[in-house]
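# Chain and residue survey
Residue strings, one per chain:
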Amino acid sequence: MENLAAAVSQLASFEVLLAILIGTTFGTIVGALPGMGTVLALVVALPFTYSMSSIAAITLLLCIYASSVYGGSISAILINTPGTPQSAATVLDGYPMAQRGEANLALGWCTAASTFGGLFSLVILIIAAPQLARFSLRFGPAETFALILFALTCIAWVSRGSMLKGLLAGVIGLFLAMIGTDNMTGMPRFDYDIGVLSGGLALISLLIGLFALSEVFMRAAKYVPEKRESKVANVGFRLAPWREWRIRIKALVQSSLIGTLIGILPGTGATAATFVSYAEVRRTSRRSENFGKGEPDGIIASEASNNAVTGGALVPTLALGIPGDGGTAVMLGALLIHGIIPGVQLLNNSPEVLTGIFIVLAIANVLMFVVGALGAQVFTRVLRMPEPLLMGMVLVMSLVGAYTVRGNPLDVMVAVIAGVAGVFMRFLGVPMAPIVIGMALGLNFEESLRQGLMFSGGDFLSFFQQPIALVLFIITAVIIAWPIVKAFRARKK
Amino acid sequence: MKTQITVLAAAILMTTGLSAPATAQYPDQTINVMIPFSAGGGTDVPGRFFAQEMEEILGTDIIVTNVEGAGGVIGATQLSQADPDGYSLGFMPVGTTTTQPHMRETEYGADSWEPICLVAQGPMYVTVPADSDIQSIDDLVQQAQDSNVVTAGPPPGSLPHIGQAALAQMLGVDFNYIPHEGINAVAQSMLGGRVHMTVWFADAGERFGLRPLAILDSTRSEELPDIPTLAELGYENIENYVWFGFFAPAGTPAEIVTTLAEACDQAVHSEGFTSNMDAANRQVRYMPTDEFAEFFASQFAANGERLRSLGLAN
């Protein structure tokens, strides 16, 4: 209670309140811009924090961190371009829903799910941060490998139509992740002596190309000037009625739990969490056949989990000083600059700082809902813009976004090439999400395998001797085998 | 019509202004300082502190850009090919400038730069988990001889890797080095009991509760005065520390380098920079242009030699 009073008195200043407001608004907007994800939003704000009091600085960064993850889904739903890689899975159901003219409803699902996920993970962070942080240390390469293997089964769920094409796309994604410097040897791979390639490809420029640019190209090819859109796009923000929510509480809790748990594991990341959650919710949902056609369950699976990652990723960051993802890594750097050293000592020596962080996060998550609900009135109006104007804007924003990722012209070229490839893939009926899944998880998949083999002296069987890994392997095997068994049984009858 | 003329005149003024920067007093436009690693990281933090002071001293805007990838090679390559007009500068660490060119075919080398000044440094320590049975370097040798010592650090060729390889060579033992993505992943493995030892900076203790055994330098450090050198423990000293310097591309006019060098002297010794570095637990180390150029050349040669003796470079 003393902590609470101390924390509240620290937060009750004009500077801090302003930081909360600016941080949440700025985070949401930057998150929504394709290419400018969580990390970039934090980086832009970083220099401003140098001259702020440390409590205001942390507040600003925390608010940006939490809200930028949400912002990424706005553009995913409205213009088929995930603003951040964490929102890649939101595209799958969010965009079809917007195309049905229900963008306001889609944003409602996504905003409420995001807030729920964020608050859910915060509760877990408050209750059990030290214990969970200790648990996360048991996650070695074998466990990470098993978890990513499980996440890869998601490729099967998003490969509608042809499984073979989906698997092929997944393998292409895995291969794209291998381009660049190999962390195990420090040597460049598949760079064909082109200097810039030795830094690898940026996932976000691939996302921009596959989803946004290919959409622009397709629409430009099909465009007929006189034709009016038959469907009137609903603008604004609308929450689904309670009966719709009631049947989806299970999905909400399930994906928030998955997001929090994966967030706690350092180095696995929000993108993996969204795909694991998507796979799991789809597996257990009664409405699984609607997935990919604009099913709210799909939006919930993605959005509740990626926002739940924020609280989860802060568990090891605050309790151990080990950041859970790219965003928390930047924040950790900022904390160090302000002389606050996260880790065991922070928990013991300055609990009021920690309590302050919890309060700020709670406010940020609620405020995010308000900003989202108000902002949606403006954001959704882009759908009423004349199509050439909207597509032109998407084109420009996409190319600028691809460049800002790393300040590397290569990323713009990758985006354009991916855009052209995306057009071909649409014609050939090859699903695009598997490429993204493969590329997002590829490097981690490979490194955890190689690292695990190095620890065990080349003995792969040792992977099965780790209890957590073994359980994950068994679940994965069951998921893969189940449809085959089911099909076999059906044929017997 | 009137507005058109105004616009035209403004345009002419602007273009002539832009096309003749050489005649004007340097600096008269925005300076770009490239940092070849991600924001908030080990190189970025001192780099941004430094740029902040330089901006004030030079009286012009400075934009810090992070060009990440491949151990800093991508950013360094970009900078080495930039116009040497004093408006593209870089804040780069030892690895990017003196080890990477030996390990792979980079498009830049020792003579691609005008070194301006040395800004900061950080010594490294032989570090073990707090609850480890290894209490001393002797214990480390013993365990390496009896069973095996698993070590970890960033990808091969990184300074921590070179440091532990040099240590193994000096001690006459073998370590089982497992590459990790960075210190955070290393800390995860060490606290999880999968790794016995790493070579890292002083902050490993405070951040992760790791325990330093010895410093890899010829003298003890101010930040951890209780940690002995290897020579004090009866072994040969190893010097393995990271440093951060301020560079311009080769061919930058001498008078611009002088202006920058003078500004650098002021910036490094400014109240703002030293207190910021102090708060972030980082060490300032200054060398003026001539001294730094010499130091850079010797480091380039020495690190090449070391990498070859470890079989990491040809």
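Residues numbered from 1 in each chain as written. Chains lettered and ligands numbered in written order. Predicted model: local features only at pLDDT ≥ 70, side-chain atom pairs only at ≥ 80, totals over all residues. Heavy atoms only, no water.

Okay, the overall build of chain B next. Check the secondary structure of chain B and you find 11 helices and 11 strands. Long-range pairs, those at least 24 residues apart, make up 78% of the contacts in chain B with a sequence separation of at least 6. The positive charge centre, built from 11 side chains, and the negative charge centre, built from 38, are 6 Å apart in chain B. (Helix = DSSP H or I, 4+ residues; strand = E, 2+ residues; numbered from the N terminus. Contact = heavy atoms within 4.5 Å. Lys, Arg positive; Asp, Glu negative; His and termini not counted. Charge placed at Lys NZ, Arg CZ, Asp CG, Glu CD.)

Each side of the interface is counted separately: chain A has 43 residues, and chain B has 38 residues. Carbon and sulfur atoms supply 59% of the area buried between chain A and chain B, which totals about 3,200 Å² over both sides. Of all residues in chain A, the largest losses of buried area upon contact with chain B belong to Tyr 50, Leu 137 and Phe 455 of chain A, amounting jointly to 17% of the total for that side. Where chain A touches chain B, the interface holds 0 salt bridges. (Buried area = accessible area lost by both parts, 1.4 Å probe. Salt bridge = Lys/Arg side-chain N within 4 Å of Asp/Glu carboxyl O.)

Time to look at a nonpolar patch on the surface. All names here are of chain A. A surface patch of nonpolar side chains, about 710 Å² in accessible area, is lined by Phe 460, Leu 461, Phe 464, Leu 470, Ile 474, Val 478, Trp 482 and Val 485. By the element assignment, Trp 482 lies in helix H21 (residues 467-492). Judged by relative accessible area, Trp 482 falls into the partly exposed class, the value being 44%. (Patch = residues over 30% accessible without salt bridge, like charges linked within 9 Å, V, L, I, M, F, W, Y side chains within 5 Å. Areas by Shrake-Rupley, 256 points an atom, 1.4 Å probe, with all protein chains shown as cover. Buried < 20%, exposed > 50% of the residue type's maximum accessible area, 1.4 Å probe, protein only.)

As a further point, take the confidence of the model for chain B. Per-chain confidence: chain B averages 82 in pLDDT, with 91% of residues scoring 70 or above. Scored below 50 in pLDDT, residues 12-23 of chain B shows 2 contacts in the model against residues more than four places distant or in partner chains. (pLDDT = per-residue confidence, 0-100.)

Another point: the pairing of strand S7 (residues 176-179) of chain B. Residue and element names in this part refer to chain B. Sheet analysis places strand S6 (residues 150-153) next to S7, joined by 4 bridges and oriented parallel. Across the sheet, the residue bridging to Gly 153 is Pro 179, located in S7. You can see the chain leave S6, run along helix H6 (residues 159-171) and come back into S7, and the turn it takes is right-handed. (Pairing = 2+ DSSP bridges. Right-handed = clockwise from strand over helix to strand, strands pointing away.)

This brings us to the packing of aromatic side chains. Summed over all chains, the structure comprises 28 aromatic pairs over all chains. Put simply, the rings of Tyr 108, Trp 113, Trp 243, Phe 247, Phe 292, Phe 295, Phe 296 and Phe 300 of chain B pair up and form one aromatic cluster. (Phe/Tyr/Trp six-rings, centres within 6.5 Å; stacked < 30°, edge-to-face > 60°.)

All names here are of chain A. This model, assessed by the stated rule, comprises 2 cavities of 30 Å³ or more. Of the pockets and cavities examined, the largest cavity occupies roughly 60 Å³. Listed by contribution, the elements that provide at least two residues to the lining of the largest cavity are helix H4 (54-79), helix H14 (296-320) and helix H15 (326-337). The residue makeup of the lining of the largest cavity, split by class, is 8 nonpolar, 1 polar and no charged. In terms of lining, the second largest cavity is formed by Leu 11, Ile 55, Ile 58, Thr 59, Leu 62, Val 353, Gly 356, Ile 357 and Val 360. Counting residues per element, the ones that place at least two in the lining of the second largest cavity are H4 and helix H17 (351-379). Of the residues in the lining of the second largest cavity, the class split is 7 nonpolar, 2 polar and no charged. (1 Å grid on protein atoms, 1.4 Å probe; cavity = no way out; pocket = protein on both sides within 12 Å on 5 of 7 lines; lining within 4 Å. Points joined across faces, edges and corners; volume = space filled by probe spheres on them. Nonpolar A, V, L, I, M, F, W, Y, C, P; charged D, E, K, R; others polar.)

Sheets are built from strands that pair by backbone hydrogen bonding, the pairs being arranged parallel or antiparallel. Residues and elements named next belong to chain B. With respect to topology, 6 strands assemble into an open sheet ordered S2-S1-S3-S10-S4-S11, the strand pairing being mixed. With one partner strand each, in any of the chains shown, strand S2 (62-66) and strand S11 (283-287) form the two edges of the open sheet. Between one strand axis and the next, the sheet turns by 25° as a mean value, whatever way the strands run. Where strand S3 (residues 88-93) meets strand S10 (residues 241-249), 4 bridges bridge the pair, whose relative direction is antiparallel. (Axes fitted to C-alpha atoms, helices over the stretch in contact; angles between N-to-C directions.)

All names here are of chain B. Core analysis: the biggest nonpolar cluster contains 248 residues, and Phe 50, Val 119, Phe 175 and Phe 246 have the highest contact counts within it. In this structure, this core is formed jointly by two domains, domain 1 (30-121 + 242-309) and domain 2 (125-233), each of which donates at least three residues. Apart from residues no more than four positions distant in its own chain, Phe 50 is found in contact with Phe 91, Cys 117, Val 119, Phe 246, Cys 264, Ala 267, Val 268 and Phe 273. (Core = buried A, V, L, I, M, F, W, Y, C linked by side-chain atoms within 4.5 Å. Domains from an automatic or database assignment.)

All names here are of chain A. Within this structure, the stated rule accounts for 15 salt bridges over all chains. Put simply, Glu 446 and Arg 189 hold a salt bridge, and the shortest N to O gap is 2.8 Å. Of this pair, Glu 446 sits in helix H20 (residues 433-455) while Arg 189 sits in strand S2 (residues 188-189), and the two are 257 residues apart along the sequence. Considered together, Glu 446 and Arg 189 belong to a single accessibility category, that of buried residues. Of the charged contacts, one joins Glu 446 and Arg 450 as a salt bridge, the two residues approaching to 2.6 Å between their closest N and O atoms. You can see Glu 446 and its partner Arg 450 sitting in helix H20, 4 residues apart, about one turn around the helix. Glu 446 sits in the buried class, given a relative accessible area of 16%. Residues joined by salt bridges that share partners form a network here, namely Glu 244, Arg 248, Arg 287, Glu 295 and Asp 297.

Our focus in this paragraph is the state of the cysteines. All names here are of chain B. A complete count under the given rule lists 1 disulfide over all chains for this structure. The disulfide partner of Cys 117 is Cys 264, and the gap between their sulfur atoms is 1.8 Å. The S-S bond linking Cys 117 to Cys 264 shows a torsion near 85°; that makes this disulfide right-handed. Here Cys 264 lies in helix H9 (residues 254-268) and Cys 117 lies in strand S4 (residues 113-123), a separation of 147 residues in the sequence. Take Cys 117: its relative accessible area is 1%, and that puts it in the buried class. Residue Cys 264 is classed as buried on the basis of its relative accessible area, which comes to 0%. (Disulfide = S-S within 2.5 Å.)

Residue placement: Ile 300 of chain A occurs in helix H14. Beyond its immediate chain neighbours, meaning those up to four positions away, Ile 300 of chain A contacts Trp 109, Ala 113, Trp 245, Arg 248, Ala 251, Leu 252, Ser 255 and Ser 305 of chain A.

Here we take up the domain arrangement of chain B. All names here are of chain B. What the domain assignment reports for chain B is domain 1 (30-121 + 242-309) and domain 2 (125-233). Centre-to-centre, using C-alpha coordinates, domain 1 lies 27 Å away from domain 2. Listed as interface residues are 9 residues of domain 1 and, on the opposing side, 10 residues of domain 2. Contact between domain 1 and domain 2 buries roughly 810 Å² in total, counting both sides, with carbon and sulfur atoms accounting for 57%. Counting across the interface, domain 1 meets domain 2 through 0 salt bridges.

This next bit is on helix H13 (residues 270-284) of chain A. Under the 1.5 Å per step criterion, the end-to-end length of H13 of chain A is 21 Å for 15 residues, consistent within 8% with the ideal 21 Å. Counting buried positions along H13 of chain A yields 13 of 15 residues, so the element is predominantly enclosed. (Expected span 1.5 Å × (residues − 1).)

Further remarks concern the packing of helix H6 (residues 103-136) of chain A against H17 of chain A. Residue and element names in this part refer to chain A. Packing of H6 against H17 brings their axes to within 10 Å, and their N-to-C directions diverge by 180°. When the interaxial angle is binned, H6 and H17 end up roughly antiparallel. Along its contact with H6, which presents Leu 107, Thr 111, Ala 112, Ser 114, Thr 115, Gly 118, Leu 119, Leu 122, Leu 125 and Ile 126, the element H17 presents Phe 358, Leu 361, Ala 362, Asn 365, Met 368, Phe 369, Gly 372 and Ala 376. (Parallel < 35°, antiparallel > 145°, perpendicular 65-115°, else oblique.)

The subject of this paragraph is the sheet that holds S7 of chain B. Pairing is mixed in the open sheet, where 5 strands are placed in the order S7-S6-S8-S5-S9 (chain B). Taken across any chain shown, the strands that pair with only one partner, and hence form the sheet edges, are S7 and strand S9 (210-215) of chain B. Between one strand axis and the next, the sheet turns through 35° on average, direction left out of account. On the sheet, H20 of chain A packs against S6 and S7 of chain B and is oriented at approximately 170° with respect to S7 of chain B. Strands strand S5 (125-129), S6, strand S8 (197-200) and S9 of chain B of the sheet are contacted by helix H7 (residues 183-191) of chain B, whose axis makes an angle of about 150° with S8 of chain B.

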